[in-house]
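# Reading the structure
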Amino acid sequence: MKQMLELIDVHRTYLIGESTVQALRGVSVTIEQGEFVAIMGASGSGKSSLLQILGLLDNPDKGEYRIFGNNVNTMTEDEQAGVRNNVAGFVFQQFHLLKRMSIVENVRLPHIYSGVAGDFRQQAVERLRQVGLEERIDHTPNQLSGGEQQRVAIARALVRDPLIIFADEPTGNLDTKNSVEIMKIFKGLHEEGKTIIMVTHEPDIAAYALRVITMRDGVIISDERKPGFEAAAVAEKESGFDIHGSGKASLWQDGRFIGFIAQAFQSILANKMRSFLSVLGILVGVASVIAMIALGEGAKAAMQEQMKSMGSNLLSIRGGSAKIRGAAQGAGAVARFTFIDVDEITSLRTLVKSAAGVVTGSGRIVFGNKNWSSSLTGAGFDYGMMRAMIPSVGRWFTREEIQTREKVAIIGVTVVKELFGSTNPLGKTIKINRINFTVIGIAPAKGFSGPQDEDDVVIVPVTTAMYRVLGKDYLSSIFVEVASPALIEQAKSQISTLIIKRHRLKEGDDSFNIRDMTEIQKMLSSTTQTMSLLLGSIAAISLVVGGIGIMNIMLVSVTERTREIGLRKAIGARKNDIMLQFLVESVGLTISGGFIGVLAGIGTSLVLSYFAGWAVKTSLMSVVLATAFSALIGIFFGLWPARKAAELKPLEALRYE
Ligand code: ADP
Ligand code: MG
């Protein structure tokens, strides 16, 4: 006979607020392998307390408990979990089946904590056959009667092939017929060699056992063995199992992680609506991040495109110092450009796409009895293209018109409004500084640039402006379109060299200056950057709020599933298993939310671009970042609820109502 379990003067006192309840007051008992023990006694006499200590669901306050010779007091929580998983099987009065799983999955559950790789469905089905439920494997516990549910619980207790079965009032919730069924199963298991320790207060149930221990007020008052115990077949299945090593199975090797993921999604899907509502915050946050970044990027791209069209590769060359705009620095300090300069610059083929001379002045414009002063620009042929000035109403000048100093004019919309009101100006004759011009086009509207109305302009051919209107023989400036933005610096220096040579200037002379648009571009991009930052922080706030929503729902879930956690611990889940299960669940939630959010964000930006005509540009980076961030939120906000779940004591969790 093997000594299996040994209690020496065990005490257990419960604290309820200020008062204490002494449930066990010095219990000493040994149980040998192969015994079938019934623990009897009145309600409140300490039967369950004793069974829980024997089953390692609870530990003594005082006294010693040895299991296979190992002192329980020296075992860690995880080692005890390992023993529960490997050596013990539990059957409770309330069955404790997980409602959202099929019964075969309920039966299989202890394997997930065993540290042994494999599917084990076959073993589960085999155990269900043993209790006569092989026809019902895909049913859920709710579809079963009480007696059937208890049979499932027994199958679950057996699936790890334990040495000992602990049963607390296994027939307490069942009618006589079902009770008899259950007891027949226990009897059979005992005959197979299992040790069975069962709590009951019914004498006819206790009659199945071969040893009856009776308790009263926390002590054993009688302990009787029936004859026939010796005759029971005792399987000499040595545990062969290292109690202190049992807590150390690797998470990654044994496929437990996959099991957790499957279970997490099962529980997420079991509460579809709730899961959806709880990830709404994350969903909206991620969707807005994606949409905002898409819009921001789109706006930036559009702006860059526009900058290019109005000349991000544009240079303007002016006479005079850059520092003292237009003001002459001593005699002859201002370089005077001519068309020869324009031609020479244009001939820098690889660097320069086109160049146009410009002359500016002011004009007094008269139409009928109305007159108006506005700025006058004399423009070369390529100026229209470079500055996006080609009229959409009317036309730009031809090269011939520029050559022959034709008296044709293109007027800005402000001038149109002031002089023509609602009449069509095309083909009309106006006077510019008393010279007759024919209006051939309306310049595209540009709006204001600072205080300056960019639409208050009159554009005429550069030659006409110089020789007929303003009486100048030199250009005010030359606009150059560089072949590509990358060549700007090179073009600047070559043009500079060219001008210095042609005008016989000294190196470092500031009688002319070349400016480009990069300054303006920098300013614009810093504005868009500020905008993106602002939008980004709004999105981040909504993600944090979403995370708090997740934490809330996970806390609710932990509370709601306290008994499930207790059951999982009873069948051998370690702290980390429970922690991981809830973490995987919260990360599963946030990642699902993030995923839907990504789709919603892309959808939103597409809809915006379609209906509002806004440019959008979804970046892969933003999708990756948003998903990664939602996973992080799941970990961060799931950690506390998961820890809370992991810290639960199996006994208290099981008793939770
Ligand atoms: P039995 O199973 O024989 O009915 P228990 O072992 O469950 O008795 O309980 C013994 C005594 O300890 C009872 O008075 C009960 O109220 C008390 N008790 C049991 N468990 C707890 C607990 N978790 N907290 C406080 N008191 C408890
Ligand atoms: Mg009890």
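Residues numbered from 1 in each chain as written. Chains lettered and ligands numbered in written order. Predicted model: local features only at pLDDT ≥ 70, side-chain atom pairs only at ≥ 80, totals over all residues. Heavy atoms only, no water.

Broken down by element type, the protein chain carries 21 helices and 22 strands. Its C-alpha atoms give the protein chain a radius of gyration of 44 Å, clearly above 26 Å, the size a compact globule of 657 residues would have. With the C-alpha coordinates aligned to their principal axes, the bounding extent of the protein chain is approximately 135 × 55 × 50 Å. Within the protein chain, the proportion of its 657 residues that are buried is 49%. Split by element, the accessible area of the protein chain, about 30,900 Å² in all, is 56% carbon and sulfur. With 70 positive and 64 negative side-chain charges, the protein chain shows a spacing of 11 Å between the two charge centroids. (Helix = DSSP H or I, 4+ residues; strand = E, 2+ residues; numbered from the N terminus. Rg over C-alpha atoms; globule rule 2.2 N^0.38 Å. Buried < 20%, exposed > 50% of the residue type's maximum accessible area, 1.4 Å probe, protein only. Areas by Shrake-Rupley, 256 points an atom, 1.4 Å probe, with all protein chains shown as cover. Lys, Arg positive; Asp, Glu negative; His and termini not counted. Charge placed at Lys NZ, Arg CZ, Asp CG, Glu CD.)

Pairing of strand β9 (residues 211-216) with strand β10 (residues 219-225) involves six bridges; the strand directions are antiparallel. Bridged to isoleucine 213 within β10 is aspartate 223. Between β9 and β10, which pair antiparallel and follow one another directly, the connecting turn spans two residues, one of which, aspartate 217, has a positive phi of 50 degrees. (Pairing = 2+ DSSP bridges.)

The subject of this paragraph is the packing of aromatic side chains. For any pair of aromatic rings, geometry is given as the distance between the ring centres together with the angle between the planes. Scanning the entire structure with this criterion turns up eight aromatic pairs. With a centroid separation of 5.0 Å and an interplanar angle of 85 degrees, the aromatic rings of tyrosine 610 and phenylalanine 611 are classed as edge-to-face. Owing to a relative accessible area of 66%, tyrosine 610 belongs among the exposed residues under this scheme. Three or more aromatic residues link up through ring pairs in this structure, and these residues are Phe90, Phe92 and Phe166. (Phe/Tyr/Trp six-rings, centres within 6.5 Å; stacked < 30°, edge-to-face > 60°.)

This paragraph deals with the site of ligand 1. Around ligand 1 lies a shell of 13 residues, among which Gly44, Gly46, Lys47, Ser48 and Ser49 are the nearest. Glycine 46 has a polar backbone atom sitting 3.1 Å from an oxygen atom of ligand 1. Contact with the protein chains removes 74% of the 550 Å² of surface that ligand 1 exposes when unbound. Among the detected pockets, ligand 1 sits in the second largest pocket. Residue assignment for the shell around ligand 1 shows that the elements contributing at least two residues are β1 (3-16), β2 (19-32) and α1 (47-54). Per-element tally for the shell around ligand 1: the top contributor is α1, with three residues. Per-class residue counts for the shell around ligand 1 are five nonpolar, six polar and two charged. (Near = heavy atom within 4 Å. Polar contact = N/O pair within 3.5 Å; in protein donor to acceptor, adjacent residues only side chain to side chain. 1 Å grid on protein atoms, 1.4 Å probe; cavity = no way out; pocket = protein on both sides within 12 Å on 5 of 7 lines; lining within 4 Å. Sits in = over half its atoms within 2 Å of the grid points. Nonpolar A, V, L, I, M, F, W, Y, C, P; charged D, E, K, R; others polar.)

Below, the discussion takes up empty space enclosed by the protein. Empty pockets left among the atoms are what a rolling probe the size of a water molecule brings to light. Following the criterion strictly, the structure yields two cavities of 30 Å³ or more and no others. Here the largest cavity defines a volume of roughly 70 Å³. Taken together, Arg84, Asn85, Ala88, Gly89, Phe90, Pro110, Arg156, Ala157, Arg160, Ala570 and Ile571 make up the lining of the largest cavity. Tallying contributions element by element places strand β6 (residues 88-92) first for the lining of the largest cavity, with three residues. The residue inventory of the lining of the largest cavity, partitioned by class, reads six nonpolar, two polar and three charged. As a volume, the second largest cavity reaches approximately 40 Å³. Lining of the second largest cavity is provided by Leu54, Gly55, Leu56, Ile67, Val83, Val87, Ala88, Ile164 and Phe166. (Points joined across faces, edges and corners; volume = space filled by probe spheres on them.)

Right, let's talk about the pairing of strand β17 (residues 435-442) for a bit. The sheet contact formed by strand β14 (residues 393-394) and β17 spans two bridges and is antiparallel. When the sheet's bridge partners are listed, glycine 394 is paired in β17 with glycine 441. Here four bridges tie strand β15 (residues 408-411) to β17, and the two strands are oriented parallel to one another. Looking at the pairing, valine 408 lines up with threonine 438 of β17. Here strand β16 (residues 429-432) runs beside β17; their pairing, made up of four bridges, is antiparallel. Bridge pairing in β17 links threonine 429 to threonine 438.

On to the environment of alanine 124. As for its placement among the helices and strands, alanine 124 is situated in helix α4 (residues 121-130). Through-space distance from the C-alpha of alanine 124 to that of isoleucine 635 is 33 Å; in sequence the pair is 511 residues apart. Those residues in contact with alanine 124 that lie beyond four places of it in its chain are Val104, Val107, Arg108 and Val159. (Contact = heavy atoms within 4.5 Å.)

As a further point, take the nonpolar core. The biggest cluster of nonpolar side chains holds 73 residues, and the ones touching the most others in it are Leu5, Leu7, Leu54, Tyr65, Phe166 and Ile197. Considering every element that reaches this core, the biggest residue donor is helix α17 (residues 518-560), with eight residues. Residue contacts for leucine 54: discarding those within four places in its chain leaves Leu5, Leu7, Ile31, Tyr65, Phe166 and Ile197. Of all hydrophobic cores here, the second largest spans 60 residues; its members include Phe337, Val352, Val416 and Ala443. (Core = buried A, V, L, I, M, F, W, Y, C linked by side-chain atoms within 4.5 Å.)

A word on the packing of helix α8 (residues 256-270) against helix α19 (residues 575-611). Packed helices, taken two at a time, are described by the angle between their axes plus the distance between the axes. Close contact between α8 and α19 brings their axes to 9 Å; oriented N to C, the two are set at 55 degrees. The angle between α8 and α19 places the two elements in the oblique class. Note that α8 runs across α19; the crossing there is right-handed. Residue-level contacts link Arg256, Phe257, Phe260, Ile261, Gln263, Ala264, Phe265, Ser267 and Ile268 of α8 to Asp577, Leu580, Gln581, Val584, Glu585, Gly588, Leu589 and Ser592 of α19. Split into classes, the residues belonging to the contact of α8 with α19 amount to nine nonpolar, five polar and three charged. (Axes fitted to C-alpha atoms, helices over the stretch in contact; angles between N-to-C directions. Parallel < 35°, antiparallel > 145°, perpendicular 65-115°, else oblique. Left-handed = near helix turned anticlockwise from the far one by under 90°.)

With respect to the secondary-structure elements, methionine 303 resides in helix α10 (residues 280-309). Taking the C-alpha atoms as reference, methionine 303 lies 9.9 Å from alanine 615; in sequence the two are 312 residues apart. Ignoring sequence-local partners within four residues, the contact set of methionine 303 consists of Leu524 and Thr528.

What follows concerns the packing of helix α3 (residues 103-112) against α4. At a minimum axis distance of 9 Å, the contact between α3 and α4 shows a crossing angle of 110 degrees. One element, α3, and the other, α4, form an angle in the roughly perpendicular class. Relative to α4, α3 is oriented so that their crossing is right-handed. Between α3 and α4, the contacting residues are Ile103, Val104, Val107 and Arg108 on the first element and Arg121, Ala124, Val125, Arg127 and Leu128 on the second. Of the residues that constitute the contact of α3 with α4, the class distribution is six nonpolar, no polar and three charged.

Bringing the confidence of the model for the protein chain into the picture now. For the protein chain, per-residue confidence averages 86 on the pLDDT scale, and 91% of positions sit at 70 or higher. Across residues 231-240, where pLDDT falls below 50, the model places 16 contacts with residues more than four positions away in sequence or in other chains. Below pLDDT 50 for its whole length, residues 322-332 participates in seven contacts with residues either more than four positions away or in separate chains. (pLDDT = per-residue confidence, 0-100.)

Looking now at helix α15 (residues 462-470). Turning to α15, its buried residues are Val462, Thr463, Thr464, Ala465, Met466 and Val469. Of the residues one or two after α15, glycine 471 is the one with positive phi, at around 65 degrees.

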